Amino acid sequence: MKMSRLITFLFLALCALNLKTKAADVSDLTYDNNGEYITITDCNQDASGELIIPETIEDLPVKSISDSAFHDCNSLSSVTIGYGITDVRSFLFSRCTSLTSVTIGVRVKDIGSRAFSGCINLTNIIVASDNEYFSDVNGILFNKQKTFLKRYPQGRLDANYTIPDGLKTIDK
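The following paragraphs examine the structure supplied in this document. It should be emphasised that the depicted structure is a prediction, and the values quoted were computed from it without experimental measurement.

**Some thoughts on the overall build of the protein**
Counting secondary structure elements, the protein contains one helix and 14 strands. Split into buried and exposed, the 172 residues of the protein put 37% on the buried side. Restricting the contact set of the protein to residue pairs at least 6 apart, pairs at least 24 apart contribute 41%.

Listed below in structure tokens is the structure:
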């Protein structure tokens, strides 16, 4: 009888946890609409799970994301930056402590300083293969030519890392 109650309690607890893991969506975003395009300015700090930044909102292209827009969104686990975004701004994901993966879209051409600052569990930065400016090697962010290491994800637990041949610069 006690085992049955314990199993029921554990089942209900897991169900309650599952309710809180709804994937983040456009309703979690605050944005400006200038009549021509959308700029994402903020994210609900309670947003959780995976967020895919859409290509359009209100039938307009999403072209930019403001500095620090996702600052302290501690329950996001992954973010995919949509097709229209060209810049990943400074401190964009700063202190997103649950973030483990970021996918950089094909049109991103600039990644600001400290865009991933304080992302202590970030293990993978994935870049669209047809991005002209950036690439990744096993989740580590480089420029397209792989001569500049832009970001080694803070959450990686590798004991050693071998710098690829041809690397000339490592970002601060």
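Let us keep going from here.
**Things to note about the pairing of strand β8 (residues 101-104)**
Sheet topology note: the strand β6 (residues 76-80)/β8 ladder contains three bridges and is parallel. Of the residues in β8, the one forming a bridge with valine 79 is valine 102. Two strands pair when backbone bridges link them, and β8 and strand β10 (residues 124-127) are joined in this way by four bridges, in the parallel orientation. Bridging across to β10, threonine 103 finds its partner in isoleucine 126.

**Describing the sheet that holds strand β3 (residues 49-52)**
Here we have four strands laid out as an open sheet, ordered β3-β6-β8-β10, and parallel in their pairing. The sheet terminates laterally at β3 and β10, the two strands that pair on one side only. If you compare each strand with its neighbour and ignore which way they point, the axes differ by 15 degrees on average. Direction of pairing for β3 relative to β6: parallel, over a ladder of four bridges. Across the sheet, residue isoleucine 52 finds its bridge partner in β6, namely threonine 80.

**Here's the deal with the sheet that holds strand β1 (residues 29-33)**
Taking strand neighbours across the sheet as the criterion, the four strands line up as β1-β2-β5-β4 in an open arrangement whose pairing is mixed. Edge positions in the sheet fall to β1 and β4 (56-57), since each has one partner strand and no second. Across five bridges, β1 lies against strand β2 (residues 38-43) in antiparallel orientation. When the sheet's bridge partners are listed, threonine 30 is paired in β2 with aspartate 42.

**A short note on the pattern of salt bridges**
With the rule as written, the count across this model stands at three salt bridges. For arginine 95, the salt bridge is made with aspartate 72, and the minimal N-O distance between the two is 2.9 Å. Of this pair, arginine 95 sits in the loop between β7 (87-88) and β8 while aspartate 72 sits in the loop between β5 (60-65) and β6, placing them 23 residues apart in sequence. You can call aspartate 72 buried: its relative accessible area is 18%. In this structure, the salt-bridge partner of lysine 150 is aspartate 171, at a minimum N-O distance of 3.2 Å. Here lysine 150, found in strand β13 (residues 148-151), pairs with aspartate 171, found in the segment after β14 (169-170); they are 21 residues apart in sequence, far enough to count as distant. Overall, aspartate 171 belongs to the partly exposed group, its relative accessible area being 31%.

Criteria and cut-off values
Residues numbered from 1 in each chain as written. Predicted model: local features only at pLDDT ≥ 70, side-chain atom pairs only at ≥ 80, totals over all residues. Heavy atoms only, no water. Helix = DSSP H or I, 4+ residues; strand = E, 2+ residues; numbered from the N terminus. Buried < 20%, exposed > 50% of the residue type's maximum accessible area, 1.4 Å probe, protein only. Contact = heavy atoms within 4.5 Å. Pairing = 2+ DSSP bridges. Axes fitted to C-alpha atoms, helices over the stretch in contact; angles between N-to-C directions. Salt bridge = Lys/Arg side-chain N within 4 Å of Asp/Glu carboxyl O.

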